[in-house]
Amino acid sequence: MRRLYRALPGPPVVKVAVIVLIVLVVLVLLGLLFEWAGQFLDTGGTLALLSLQT
Amino acid sequence: MVFRRRFDTLSAPMKVRRSLRVAGWVMVTVGALLVAFFAYQLVFTNVLGARSQRAAEPALEERYATAEIEVADTIPITPPTTTTIPEGTTTTTQVVDAARYTEPTPDMGTPFGEIAIPSIGLDKVLFEGVDVPTLKKGPGHMPWTPLPGQPGNAVVSGHRTTYGAPFFDLDKVENGDEIVVTTALGTSVYAVRRTIIVAPTDVWVTEEMQGAWLTLTTCNPKYSARQRLIVQAELVEGPNYLYVEAERQRGLREAS
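Residues numbered from 1 in each chain as written. Chains lettered and ligands numbered in written order. Predicted model: local features only at pLDDT ≥ 70, side-chain atom pairs only at ≥ 80, totals over all residues.

A. Region of the structure containing the interface of chain B and chain A. Between chain B and chain A, the residue contacts involve 25 residues of the former and 16 residues of the latter. Going through the elements one at a time, helix H2 (12–66) and strand E11 (212–220) of chain B are the ones with two or more residues in the side of chain B that touches chain A. Residues that form the side of chain B that touches chain A fall into these classes: 11 nonpolar, 11 polar and 3 charged. (Contact = placed C-beta atoms within 7 Å. Helix = DSSP H or I, 4+ residues; strand = E, 2+ residues; numbered from the N terminus. Nonpolar A, V, L, I, M, F, W, Y, C, P; charged D, E, K, R; others polar.)

B. The arrangement of the sheet that holds strand E8 (residues 152–157) of chain B in detail. All names here are of chain B. Strand order in the closed barrel made by the 8 strands is E5-E6-E7-E8-E11-E12-E10-E9, with mixed pairing throughout. Direction of pairing for strand E7 (residues 140–141) relative to E8: antiparallel, over a ladder of 2 bridges. Bridged to Gly140 within E8 is Ser157. Docked against the sheet, H2 engages strand E5 (111–117) and strand E6 (122–128), running at close to 65° with respect to E6. (Pairing = 2+ DSSP bridges. Axes fitted to C-alpha atoms, helices over the stretch in contact; angles between N-to-C directions.)

C. Layout of H2(B). Spanning 55 residues, H2(B) covers 79 Å between terminal C-alpha atoms, matching the ideal 81 Å at 1.5 Å per step. At Tyr40(B), H2(B) shows its largest bend, some 35°. (Expected span 1.5 Å × (residues − 1). Bend = angle between axes of the 7 residues up to and from the residue.)

Just distances and angles here, no functional claims.
The following block contains the structure:
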C-alpha cells in the first residue's frame, strides 16, 4: 500500500482520492463477482426461465 | 519484465523463498476472497432479505385494503328445487352457486400476499415475479401461472440459502402438512401431496393441473443450484374451494 501511495502522482489529497476511488471500484467489481458466483449457490429456485418465457 | 530480471539475479535459496512468499500471498488472497464471498452470500444477503420483507408490509396492507374482489364465474352446485309452501300455493326455486373470486393481478415486483408453512416455521411476504431483483425480496409468484387461491397450478419460487432463505427447510415438509397463503382474496389452505427432486430444466412441474394446486420450487441440495426441490400441495380450504370442487364434480359428470 505504501509503495502504491508513493507511486501515485500529485499532492496527498489527490493520492488519497485516487486510493478511495480504486477501493470503491474494487468493491463494486467484487460485488458483481460475488453476485455472479452466487448463482451457482442459489438461483432462487427458478426453472429454466428462458425456455418458459419464449 | 523488471520483476523477471530481478528474480533471475537472485540466488537459488532466495528464489525459493521469494516463490514461497508469492504463493503464500496468493493463497491468503484467495482464502480472504472465499471468506468474503460466503459472508456476502450467507450473511449480508440475508440481512438484505429481512429488510425487504419488513419494507414490504405497508404496501401489502394497502393492497389488502384496496384490492377489489370480483366474481369471475359461477357453477350451480345444486339443481333447481321446487318447494311448495304448505300455507299457500307459492313455489320457490332455489339454486346455489359456487363462485370463483378473483383479485387484481399484482404489479411486477410488488408484494401481494403471505405464505406460511407452520410445520417448518416459515412465514414470508409473497411478491409478484421470479426475476432476480424480485426473488431477492422474498418468495416470488411466476406471473404466467394462476395466482395462489385460484384454480390451476400456482407456482412460487424462493431462495434456499441466500436472501432470507425462505425455503431453507422445505425438504422437511411432509405429506399432509399445511401451507397457508393469504392474499387480498382471503386465506387459502393447501395440503402437501408430494415432494420431488427434478432438474432445473423440468418445467413440466409448472404445467396446468386439474383442481387448485400450489407448487413451490427451490434449489437443491442446499448451497447448490444443481437440482430443484419441488413441493406440490392441493387446495383444501379457501374462498375458491367450493368452486374448485364444483368444477371437479362437473368434470366427473361430463366424463361419465
